[in-house]
Amino acid sequence: MYKPLPEKLNFPALEKEILHFWQQQDIFARTINERDENKPFVFFEGPPTANGRPGIHHVISRTVKDVVCRLKTMQGYRVERKAGWDTHGLPVEIEVEKFLGLDGKDQVIEYGIGPFNAKCKESVWSYKQEWDELTRRIGFWVDLDHPYITYTNDYIETVWWILKQFWQKQLIYQGFKILPYCPHCETPLSSHEVSQGYEDVKDPSIYVKAKVKGQENTYFLVWTTTPWTLISNVALAFNPEIEYVKVLHRKENLILAKSRLLVLDGEYELVGEFTGENLAGLEYEPFYAFITPDKHAYYTTLGDFVTTTDGTGIVHIAPAFGEDDYQLGLKYDLPVLQPVDKSGR
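Below you will find a few notes about this structure. Keep in mind the model is a prediction, meaning the values are calculated, not measured.

### Things to note about the pattern of salt bridges
Part 1: Under the criterion given, the structure shown has 16 salt bridges.
Part 2: The shortest N-O distance in the salt bridge between Arg70 and Asp66 comes to 2.5 Å. Remark: Asp66 and Arg70 occur in helix α3 (residues 56–74); sequence separation between them is four residues, near one turn of the helix.
Part 3: A relative accessible area of 9% places Asp66 in the buried class.
Part 4: A salt bridge links Glu186 to Lys342; the nearest nitrogen and oxygen atoms lie 3.3 Å apart. Of the two residues, Glu186 sits in the loop between β4 (181–182) and β5 (187–188) while Lys342 sits in the segment after α10 (323–332), which places them 156 residues apart along the sequence.
Part 5: Here the residues in one salt-bridge network are Glu45, Arg62 and Lys65, joined through shared partners.

### Describing the packing of aromatic side chains
Part 1: In this structure the tally under the stated criterion is 16 aromatic pairs.
Part 2: With 5.4 Å between their ring centres and 70 degrees between their planes, Phe220 and Phe238 make a pair best called edge-to-face. Within this pair, whereas Phe220 is found in strand β7 (residues 218–224), its partner Phe238 is found in strand β8 (residues 235–238), the two being separated by 18 residues in sequence.
Part 3: In this structure Phe220 comes out as buried when scored by relative accessible area, which is 0%.
Part 4: Using a relative accessible area of 0% as the deciding quantity, one classes Phe238 as buried.
Part 5: Connected via pairs of aromatic rings, a cluster forms that spans Trp85, Trp125, Trp131 and Tyr151.
Part 6: Here the basic side chain of Arg70 rests over the ring of Trp141, its NZ or CZ set 3.9 Å away from the ring centre.
Part 7: In this structure, Lys209 packs its charged tip against the face of Tyr219, placed 5.0 Å from the ring centre.

### Focus: helix α4 (residues 90–100)
Part 1: When we look at burial in α4, the residues that qualify are Leu90, Val92, Val96 and Glu97. Buried positions in α4, seen along its axis, are confined to an arc of 160 degrees and lie on one side of it. The exposed residues of α4 that point more than 90 degrees off its buried face are Lys98 and Phe99.
Part 2: Where the residues of α4 are buried, they touch α5 (105–111), α6 (113–123), β5 and α9 (191–196).
Part 3: The first or second residue beyond α4 is Gly101, which carries a positive phi of 75 degrees.

### Some thoughts on α10
Part 1: Within the span of α10, buried status applies to Asp325, Tyr326, Leu328 and Gly329. Down the axis of α10, the buried set is contained in an arc of 165 degrees. They therefore lie on one face.
Part 2: Summarising the contacts, the buried residues of α10 are in contact with β8, β12 (299–302) and β13 (314–317).
Part 3: Asp333, located one to two residues past α10, shows a positive phi value of around 55 degrees.

### A few points about the side chain of His249
Part 1: Tracing the backbone shows His249 in strand β9 (residues 243–249).
Part 2: Residue classification places His249 among the buried residues on the basis of a relative accessible area of 7%.
Part 3: Aside from chain neighbours lying at most four places away, what touches His249 is Leu254, Leu264, Asp265, Glu267 and Tyr268.

### Concerning a nonpolar patch on the surface
Part 1: Nonpolar side chains collect at one region of the surface, where Tyr155, Ile156, Val159, Trp160, Trp161, Ile162, Leu163, Phe166, Trp167, Leu171 and Ile172 lie side by side and expose about 1,100 Å² of accessible area between them.
Part 2: As for its position among the elements, Ile162 is in helix α8 (residues 153–168).

### Some remarks on the layout of surface pockets
Part 1: The volume enclosed by the second largest pocket comes to roughly 750 Å³.
Part 2: Forming the walls of the second largest pocket are 29 residues, and the residues nearest its centre are Phe28, Trp141, Val142, Asp143 and Leu144.
Part 3: For the lining of the second largest pocket, the secondary structure elements donating two or more residues are α1 (11–25), α2 (27–33), β1 (43–44), β2 (81–85), α7 (128–137) and β3 (143–149).
Part 4: Considering every element that reaches the lining of the second largest pocket, the biggest residue donor is α7, with five residues.
Part 5: Tallied by class, the residues present in the lining of the second largest pocket amount to 14 nonpolar, five polar and ten charged.

### Some points on the environment of Ile94
Part 1: Along the chain, the position of Ile94 falls in helix α4.
Part 2: Since its relative accessible area comes to 33%, Ile94 is described here as partly exposed.
Part 3: Expressed as a C-alpha distance, the spacing of Ile94 and Ile317, which sit 223 residues apart in the sequence, is 34 Å.

Calculation rules
- Counting of residues starts from 1 at the beginning of each chain's written sequence and follows it residue by residue.
- Residue-level local features of this predicted model are given only where pLDDT is at least 70; pairs of side-chain atoms are given and counted only at 80 or more, and the full residue set underlies all totals for whole chains, interfaces and linings.
- Neither water nor hydrogens contribute to the side-chain values; these are computed over all heavy atoms in the structure.
- Every case where a carboxyl oxygen of Asp or Glu lies within 4 Å of a side-chain nitrogen of Lys or Arg is listed as a salt bridge.
- A run of H or I in DSSP becomes a helix once it reaches four residues, and a run of E becomes a strand once it reaches two; helices and strands are each numbered from the N terminus.
- Burial status follows relative accessibility: with a 1.4 Å probe on protein chains alone, a residue under 20% of its type maximum counts as buried, one over 50% as exposed, and anything between as partly exposed.
- Stacked, tilted and edge-to-face pairs are distinguished by plane angle, under 30 degrees for stacked and over 60 for edge-to-face with tilted covering the rest, among Phe, Tyr and Trp rings (Trp via its six-membered ring) whose centres lie within 6.5 Å.
- Comment: the charge-over-ring label is applied if NZ (Lys) or CZ (Arg) is within 6 Å of the ring centre and within 35 degrees of the ring normal.
- Think of the arc as the fan of directions from the helix axis to the C-beta atoms.
- By the convention used here, residues are in contact when the closest approach between their heavy atoms is within 4.5 Å.
- Each patch is built from residues lacking any salt bridge and having more than 30% relative accessible area; the joining distance is 9 Å for like charges and 5 Å for nonpolar side chains (Val, Leu, Ile, Met, Phe, Trp, Tyr).
- The Shrake-Rupley method, run with a 1.4 Å probe sphere, supplies the accessible areas, and residue values consider only the shown protein chains as cover.
- Here the term cavity refers to a set of points on a 1 Å grid, laid over the protein atoms alone, in which a 1.4 Å probe fits but cannot get out; the term pocket refers to an open set having protein on both sides within 12 Å along at least five of seven lines, with lining residues being those that place an atom within 4 Å of a point.
- Grid points are joined across faces, edges and corners, and a volume is the space filled by probe spheres set on the points.
- The residue classification treats Ala, Val, Leu, Ile, Met, Phe, Trp, Tyr, Cys and Pro as nonpolar and Asp, Glu, Lys and Arg as charged. All others, Gly included, are polar.

What is shown is where atoms sit, not what they do.
Rendered as structure tokens:
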């Protein structure tokens, strides 16, 4: 039988009453123990980082997880819900660096990796009490008594064992991947880590000329928003369907997209017109000679990502910097020139 509800319902008080009932009757444990061991639904919680306070987004995500687990329980599955704690990552390390007054990886190494890791292990549990209370308060059923913890040897060795299986089955290969990178921490960053300290800044964009081989006094006019990557340039990209022109401008022949002639100062004379497809395979002289490529480089390629919204319709390609550049590099087997060291210098 149901219990009639009063007209003015105090929801917080009702929630506390239900939570108290669940705790007194050990309802969570019963939902597991009273189900068939041979009909499991496996759930390992995607672990939160314990050294940061929980937020409303954790409540939302845990509600979704809880709904699925409760549904599978109602369908007769034995749902042993294993909690987890993510004890790695930059948030932990940066907080400890600030606490110890350290600035950069060199100072961390000087302090000592072992002592630094020990401080991180202390720091990571700073807000565990808040996490436990939130877990209880929102009615999220999960086994907090036997969690997996990412800094334990069991967990780390399991990850290495899994990677070894992938390697032996030839499911892992060595190569390159374009990722955000932190020169201060000397480590790649996840998108979540980047978003924690993201800010828009203004960087200079420049126009540069690439001398066309075999054509006298003729240059590709290239625009780039990352001039510091020109040292790593190995190709130029044109859109195969865009119309390009050669114009005589200040006694030089310049090649650029027809719709981007507005970037030129002063008068010019039209010399020729062609599509991007007609310009593929032409060689040009490199901007710099600091690095000798180990593969064929310094020629024109085709890429659908090239637009005429800005610039000249010609994109400088450095596969070491930028996802489009790297994917085009794979297509054309371009060299990857990486002159930047782990400290971003």
